Amino acid sequence: LQSLGRHEEARATQERARDMHKGNADSDPRDAAFALLETGRSLLEAGHLDEALAKLQEGLSILRDDARGKNSDRPLEAHILQRIAAVYRKQGRREEALAAEKKAIKILGRTAGTQTMSAAKAMVNAAITLCDMDQNEEALAQFR
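Note that the coordinates shown come from a computational prediction; the quantities given were computed from them, not determined experimentally. (Residues numbered from 1 in each chain as written. Predicted model: local features only at pLDDT ≥ 70, side-chain atom pairs only at ≥ 80, totals over all residues. Heavy atoms only, no water.)

Draft legend 1. Quick look at the overall build of the chain. Along the chain, the regular secondary structure elements total seven helices and zero strands. Along the chain, helices (α) and strands (β) appear in the sequence α-α-α-α-α-α-α when read from the amino end. In the chain, which comprises 144 residues, the share counted as buried stands at 40%. Contacts in the chain between residues at least 24 apart in sequence constitute 57% of all its contacts with a sequence separation of at least 6. About 8000 Å² of surface is accessible on the chain, with carbon and sulfur atoms providing 50% of the total. (Helix = DSSP H or I, 4+ residues; strand = E, 2+ residues; numbered from the N terminus. Buried < 20%, exposed > 50% of the residue type's maximum accessible area, 1.4 Å probe, protein only. Contact = heavy atoms within 4.5 Å. Areas by Shrake-Rupley, 256 points an atom, 1.4 Å probe, with all protein chains shown as cover.)

Structure (structure tokens):
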């Protein structure tokens, strides 16, 4: 639905899936966090920035609460942080966007390594944010 531009329908479906996970005591918290990531992505693409940020932060909170348990998923946390950074950039909150990207890069570096596509995307986005902040030398340093 999302790829067809049917953002509202996609969001409603994602919300129903998330609600089903919330109501199931046996469900994996990562599933709910992933559903919130997808809902946040849909809202971001539809331009609903405040709603997107709220959903993404909720997903991040679920993962961080679960990090004390056995099901911690750091790469998913990094992906949520990257989406949060995208919302912040669209809101003009560049410093907060950069902080979120740096956290994502750090997580990805520790878990998947810096030579992955996810880490590369996070580094590119951090560099773009730095350029937007007129910190071009630091942006270049991302690639050295």
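Draft legend 2. Expanded view of the nonpolar core. The biggest cluster of nonpolar side chains holds 34 residues, and the ones touching the most others in it are Leu44, Leu56, Leu76, Ile80, Leu81, Ile84 and Val87. The set of elements that each furnish at least two residues to this core consists of helix H2 (29–45), helix H3 (49–66), helix H4 (74–90), helix H5 (94–111) and helix H6 (117–132). The greatest single-element share of this core, amounting to nine residues, is contributed by H4. Once residues lying within four places of it in the same chain are set aside, the contact partners of leucine 44 are Leu49, Ala52, Arg83, Ala86, Val87 and Lys90. (Core = buried A, V, L, I, M, F, W, Y, C linked by side-chain atoms within 4.5 Å.)

Draft legend 3. Structural view of the environment of lysine 106. Inspection of the secondary structure puts lysine 106 in helix H5. Here the alpha-carbon distance between lysine 106 and alanine 119, two residues 13 residues apart in the chain, equals 8.8 Å.

Draft legend 4. Inspection of the pattern of salt bridges at higher detail. One pass over the structure, following the stated rule, counts eight salt bridges. One salt bridge in this structure joins glutamate 77 and arginine 74, with 3.2 Å as the shortest N-O distance. Of this pair, glutamate 77 and arginine 74 both sit in helix H4, separated by three residues, roughly a single helical turn. Residue classification places glutamate 77 among the buried positions, given a relative accessible area of 5%. Judged by its relative accessible area of 28%, arginine 74 falls in the partly exposed class. Of the charged contacts in the structure, one is a salt bridge between glutamate 96 and arginine 93, with a shortest N-O distance of 2.8 Å. Overlapping salt bridges bring together Glu38, Arg41 and Glu45 as one network. (Salt bridge = Lys/Arg side-chain N within 4 Å of Asp/Glu carboxyl O.)

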